[in-house]
Amino acid sequence: MDGRMRFGMFVPQGWRMDLVGIEPAQQWEAMVNLAKHADDGDVFESIWVYDHFHTVPQPSDEATHEAWSLMAGFGAATSRVRLGQMCTCMAYRNPAYLAKVAATVDVISGGRTEMGIGGGWYEHEWRAYGYGFPKVGDRLGALREGVQIFRDMWTKGSATLDGKYYQVDGAICAPRPLQGTSHPGSAINGIPMWIAGGGEKVTLKIAAQYADYTNFDGSADGFDHKSEILRGHCDDLGRDFGEIVRSANYNVVIGETESDVEDRLKFNGELLRRGGVPDAKVEEHVEGLRRQPAVGTSEQIVEVLKDMQSRGMTYAITYFGEAAYDRSGIELFEEKVAPELKG
């Protein structure tokens, strides 16, 4: 694979309190207009949402729109960008049902679905929705069985598995996804599979076996370390490490000047404050954001991403916290950052 950088963009859906102050009746318009912005341009290959039900950094009554409903809506409203979730929680939906949902979204979108999948972590919403909160080994065991069901449903048209976590018996996936049938897709999965998370013993081993893409730590040292663990699992399984595209997520806070960056950081904090987050937690969040890799002027962000590109991180999924209110950060990224990395 070539080393050019590819870009995705998260569409604000409320989970990170990024639709605060926008009336519920206007939130879909705010989301779909950003999806169309990405679709109309040529910088972002994909758009993404999170699979969560309750807000962060704390649960609240602020809106959080459901991921797979958005996938179908975006699929109908756009024509080019690919559609992903970073990442779907395996246990929130039966995997045979989820494979069926993803296949339907693939048909609606003309073969543009990506499957981001992981074991899940947000205990508050797990328990609130009645899923309990299994130990991490059980969450990852369910992940392993679920991705096998996905692969069989999409590539064979049906799945049968008498597993520890899931039992399916001739579950039919008709129609199959367009990807892998009438449209190009993943040679091994049909719909491309993103195994998200950096767990070294289990998650990255599942990724080595099933993933088209991984998504883990976006810092230089963390990325290098996880990549070597992944390489080791690939060697053990006889999988070509180079077949797997390695991605990372970046909170982008960008400005023409350092002062612009500070203003944007303050705005991000203000959204949380308006969402009911206490001042101390807001300040902690903003300070944490300030130290992240893709926070700075366009020149600084280019330097960081070029370094990551040299390490083999070739797909950056970007999040702009202010996107529903102000597109100038996205536009600056499109104009000044992406062209330096897509060459």
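Quick caveat, the model's predicted, so the values are computed rather than measured.

**Q** Could you clarify how one ought to interpret the UniProt feature "domain: Luciferase-like" (unreviewed entry) in the protein in this entry?
**A** Residues annotated by UniProt as "domain: Luciferase-like" (unreviewed entry) correspond here to residues 5–314. For residues 5–314, helix accounts for 45% and strand for 17%, while the C-alpha atoms at its two ends are 5 Å apart.

**Q** Hey, could you run me through the side chain of Asp 212 in this one?
**A** As for its placement among the helices and strands, Asp 212 is situated in the loop between α6 (203–210) and β9 (213–215). For Asp 212, which is buried and forms no salt bridge, the nearest opposite charge comes from Arg 239, at a distance of 5.0 Å. Among the polar contacts made by the side chain of Asp 212, one reaches the side chain of Asn 189 at a distance of 2.9 Å. Those residues in contact with Asp 212, other than ones at most four positions away along the chain, are Ser 186, Ile 188, Asn 189, Ile 191, Pro 192, Met 193, Glu 243, Ile 244 and Val 245.

**Q** Where do I start with the nonpolar core in this structure?
**A** Side chains of a nonpolar character, in soluble globular proteins, are inclined to be buried together. Formed by 80 residues in total, the largest nonpolar core has its most connected members in Trp 154 and Phe 333. Looking at this core element by element, the count peaks at eight residues for helix α5 (residues 136–156). Discounting residues that sit within four places of it in the chain, Phe 333 has contacts with Phe 7, Phe 44, Val 252, Ile 254, Ile 301, Leu 305, Thr 318, Phe 320, Ala 338 and Pro 339. Among the nonpolar cores identified, the runner-up in size contains 14 residues, and Trp 15, Tyr 50, Met 86 and Tyr 319 belong to it.

**Q** Help me out: how do you make sense of the packing of aromatic side chains in this one?
**A** What characterises a pair of aromatic rings is the spacing of the ring centres plus the angle enclosed by the ring planes. The tally for this structure, following the rule as stated, stands at 23 aromatic pairs. Look at Phe 150 and Trp 154: their rings are 5.2 Å apart centre to centre, the planes differ by 25 degrees, and that puts the pair in the stacked class. Of this pair, Phe 150 and Trp 154 both sit in helix α5, four residues apart, which is roughly one turn of that helix. The burial state of Phe 150 is the same as that of Trp 154; both residues are buried.

**Q** So what exactly am I meant to see when it comes to the packing of helix α2 (residues 67–77) against helix α3 (residues 95–109) here?
**A** Helices that pack against each other are described as a pair by the angle of their axes relative to one another and the distance between those axes. Running from N to C, α2 and α3 point in directions that differ by 15 degrees, and their axes come no closer than 8 Å. Comparing the axis directions of α2 and α3 gives the class roughly parallel. Of the two elements, α2 crosses α3, and the hand of that crossing is left-handed. Along the contact surface, α2 presents Trp 68, Met 71, Ala 72, Gly 75 and Ala 76, while α3 presents Leu 98, Val 101, Ala 102, Val 105, Ile 108 and Ser 109.

**Q** What's the story with the packing of α3 against α5 in this structure? I'm lost.
**A** It is the contact of α3 with α5, at a shortest axis distance of 9 Å, that shows an interaxial angle of 45 degrees. Regarding the angle of α3 to α5, the classification is oblique. Classified by chirality, the crossing of α5 by α3 is right-handed. For the pair α3 and α5, contact is made by Pro 95, Ala 96, Leu 98, Ala 99, Ala 102 and Ala 103 and by Gly 146, Ile 149, Phe 150, Met 153 and Trp 154, respectively. The residue makeup of the contact of α3 with α5, split by class, is ten nonpolar, one polar and no charged.

**Q** Got a minute to help me understand unusual backbone geometry in this structure?
**A** Keep in mind that most residues, glycine aside, have a negative phi and that most peptide bonds are trans. For the peptide bond that leads from Val 56 to Pro 57, omega is 10 degrees, which places it in the cis range. On the secondary structure map, Pro 57 appears in the loop between β2 (46–49) and α2. The omega angle of the peptide bond from Ala 174 to Pro 175 is 5 degrees, so this bond is cis rather than trans. Considering the arrangement of structural elements, one finds Pro 175 in the loop between β7 (167–172) and β8 (193–196). Not every positive phi belongs to a glycine, and Met 17 is a case in point at roughly 55 degrees. By secondary structure assignment, the location of Met 17 is in the loop between β1 (6–10) and α1 (24–40).

**Q** Any chance you could explain the sheet that holds β1 here in plain terms?
**A** By definition, the strands of a sheet pair up through backbone hydrogen bonds, in either a parallel or an antiparallel sense. Pairing in this open sheet of nine strands is parallel, and the strands run β3-β2-β1-β13-β10-β9-β8-β5-β4 from one edge to the other. Among the strands making up the open sheet, the edge pair consists of β3 (82–85) and β4 (88–89). Of the strand pairs in this sheet, β4 and strand β5 (residues 115–118) are connected by two bridges, and their pairing is parallel. Paired with Cys 89 across the two strands is Gly 118, which belongs to β5.

Procedures and definitions
- Residues numbered from 1 in each chain as written.
- Predicted model: local features only at pLDDT ≥ 70, side-chain atom pairs only at ≥ 80, totals over all residues.
- Heavy atoms only, no water.
- UniProt positions renumbered as here; feature names shortened; annotations may be inferred.
- Helix = DSSP H or I, 4+ residues; strand = E, 2+ residues; numbered from the N terminus.
- Buried < 20%, exposed > 50% of the residue type's maximum accessible area, 1.4 Å probe, protein only.
- Lys, Arg positive; Asp, Glu negative; His and termini not counted.
- Salt bridge = Lys/Arg side-chain N within 4 Å of Asp/Glu carboxyl O.
- Polar contact = N/O pair within 3.5 Å; in protein donor to acceptor, adjacent residues only side chain to side chain.
- Contact = heavy atoms within 4.5 Å.
- Core = buried A, V, L, I, M, F, W, Y, C linked by side-chain atoms within 4.5 Å.
- Phe/Tyr/Trp six-rings, centres within 6.5 Å; stacked < 30°, edge-to-face > 60°.
- Axes fitted to C-alpha atoms, helices over the stretch in contact; angles between N-to-C directions.
- Parallel < 35°, antiparallel > 145°, perpendicular 65-115°, else oblique.
- Left-handed = near helix turned anticlockwise from the far one by under 90°.
- Nonpolar A, V, L, I, M, F, W, Y, C, P; charged D, E, K, R; others polar.
- Pairing = 2+ DSSP bridges.

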